[in-house]
Amino acid sequence: MPILTDTELVLGLSRHLAAYQMGPERAALEQLEFAGWVFDVSFRLRGSTTSSPARVRAIGLDVGLGKRSLADVVKTLEALGWVDVHRDAKGEATAVVETIPAPNDLVAASERVLNVLMAGPMERAALAVLRATTIQPLVMTDVLDAAYAAEGVSSLPETAEDAVRHLMHTGLVREVLADDGRTVLYNPNVWTQGDAVIRSALKAADAHGTKEVGALLEELATNPGMPESQVTSTEKKWINFAVSQGLVQRSVIQTSEGQERGFLFTPHLGRDPFGGTAGDASGQVRQLVGSMIYAATFAAYRLRDPAVFLRALINRGIAGNASSIGTDYPMLEKAGIVRVVDGHSSNRYQLELLQTDVAEDALKVLTAREASGSGGHNAASLEGQRSYVHVDRERAKIALTTDRDQAEEARLIAALREVPARRSMGQVQ
């Protein structure tokens, strides 16, 4: 498994580019950005079974998609066989039924999505460059070689150079000129050590160890903390080289018998930069964990134990009974993780779980940490969580954005909670 899958790369790219105004460089990456939109909407719709057109539009707006862009995304989902749009006699959408694959299968579907979108040589080259510079810092010649190996690029060498230029202009790849005149490229969103990494890239290239180190990094991405003695991707000399250059971190445990055992990690263990921690390509697990921790720490009515509340939500499929859930806009609704439904009495509402696997993974994280705060197990603690900015967009943000006004928030709440049986407020085509 690569350090970041192509699905994670395009999803992260789309969230990153959302902070940029449209210009030639962003436009050149349009197909990859669109692929990211497809995955973003898919992760949010997955598990909801049937949604009203208004709910789909509300999710699209939170992704950052206007009516036309969302319509194109939905058409792509139809072409993939992941949604079925029901329409009335006038051709207007009445319901959107999803059959979106499980997360692992969804992550593995990047090539299929790119084929449906008919991604061309430039997009393939850009993805290859982004993938290569994410694995490790590389000298320009190695980066271009990776781009030339992409589908359709070998006969268009200028395409590879264009791809590098577009990624640099949008902050997805950084170029550094070394003292000896060579150029080093790396993904600054993953390799956060700064320009100091160029020394590692140059030494790896000079030692002809670029491929060996890359294979080691990919193996460790799948097995963080892997015992050094179990590494199969390369020889010990390359492990020592990678450790000496800061590309791999070694933790050594000494036993009472005087033996030493080394355990290896990568500097980008958290896989934070493009929307996910390990096993969380969509970023939804992190979003749910953050929501629960917020509820235990900052909310007016705090959760005494977020794990208990989340476990109840998983076991029963529904939890909470508070008026504030109906009047405020829970962040998790926008992510497609939960839906707000009527509670046990008048003017009270509950959270209905839509994506059980996301909640189960979040629960594992929560049970590993001690919950903070005090107060009852009250879903009212979710009030105030109106929006979530993925780290990709926050990092890339180059201009201030304004919050939606109260009227817009109220409209989106109504759209997210509308059931398909009700009259459609519009059309998703």
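Not measured: the values here are computed from a predicted model.

Colleague: Any chance you could explain the overall build of the protein here in plain terms?
Modeller: The secondary structure content of the protein amounts to 20 helices and 12 strands. Residues counted as buried form 51% of the 429 residues belonging to the protein. By sequence separation, contacts in the protein at least 24 residues apart represent 67% of the contacts at least 6 residues apart. Carbon and sulfur atoms make up 50% of the accessible area of the protein, which totals about 19100 Å².

Colleague: Before we go on, may I ask you to explain the pairing of strand E2 (residues 83-87) in this structure?
Modeller: Pairing between E2 and strand E3 (residues 93-98): 5 bridges, direction antiparallel. What sits directly across from Val85, in E3, is Val96. Between E2 and E3, which pair antiparallel in sequence order, lie 5 residues; one of them, Gly91, sits at a positive phi of approximately 85°.

Colleague: What am I meant to see in helix H10 (residues 157-169) here?
Modeller: An α-helix turns once every 3.6 residues. As a result, residues three or four positions apart point the same way. A rise of 1.5 Å per residue sets the reference length of H10, with its 13 residues, at 18 Å; its end C-alpha atoms lie 19 Å apart and thus fit the reference within 8%. If you check which residues of H10 are buried, you get Thr159, Ala160, Ala163, Val164, His166 and Leu167. One side of H10 carries all its buried residues, which in axial view fall inside an arc of 165°. At its buried positions, H10 is contacted by helix H2 (24-28), helix H8 (121-135), helix H9 (140-148) and strand E6 (183-186). Backbone geometry just after H10 places Gly171 at a positive phi near 75°.

Colleague: Please clarify how the sheet that holds E2 should be interpreted in this entry.
Modeller: Within a sheet, each strand pairs with its neighbour through backbone hydrogen bonds, oriented either parallel or antiparallel. Spatial strand order, E1-E3-E2: 3 strands in an open sheet with antiparallel pairing. The outermost strands of the open sheet, each flanked by one partner alone, are strand E1 (50-51) and E2.

Colleague: I'm lost on the pattern of salt bridges in this one. Help?
Modeller: Where charged atoms from two side chains of opposite charge approach closely, those side chains can pair. Taken as a whole and assessed by the stated rule, the structure comprises 13 salt bridges. With a closest N to O distance of 3.0 Å, Asp357 and Arg46 form a salt bridge. Highlighted residues: Asp357 in helix H18 (residues 356-367) and Arg46 in the loop between helix H3 (30-45) and E1, separated in sequence by 311 residues. Ionic pairing is found between Arg165 and Asp162, a salt bridge with its closest N-O pair at 2.9 Å.

Colleague: Please explain the packing of helix H1 (residues 6-17) against H8 as it appears in this structure.
Modeller: Each pair of packed helices can be summarised by the angle the axes make with each other and by the distance between the axes. Axis separation between H1 and H8 bottoms out at 11 Å; the angle between their running directions is 105°. As the angle between them shows, H1 and H8 are arranged roughly perpendicular. For the pair H1 and H8, contact is made by Asp6, Leu9, Val10 and Leu13 and by Leu127, Leu130, Arg131 and Thr134, respectively. Looking at the contact of H1 with H8 residue by residue, the class counts come to 5 nonpolar, 1 polar and 2 charged.

About the cut-offs
- Residues numbered from 1 in each chain as written.
- Predicted model: local features only at pLDDT ≥ 70, side-chain atom pairs only at ≥ 80, totals over all residues.
- Heavy atoms only, no water.
- Helix = DSSP H or I, 4+ residues; strand = E, 2+ residues; numbered from the N terminus.
- Buried < 20%, exposed > 50% of the residue type's maximum accessible area, 1.4 Å probe, protein only.
- Contact = heavy atoms within 4.5 Å.
- Areas by Shrake-Rupley, 256 points an atom, 1.4 Å probe, with all protein chains shown as cover.
- Pairing = 2+ DSSP bridges.
- Expected span 1.5 Å × (residues − 1).
- Arc of directions from axis to C-beta.
- Salt bridge = Lys/Arg side-chain N within 4 Å of Asp/Glu carboxyl O.
- Axes fitted to C-alpha atoms, helices over the stretch in contact; angles between N-to-C directions.
- Parallel < 35°, antiparallel > 145°, perpendicular 65-115°, else oblique.
- Nonpolar A, V, L, I, M, F, W, Y, C, P; charged D, E, K, R; others polar.

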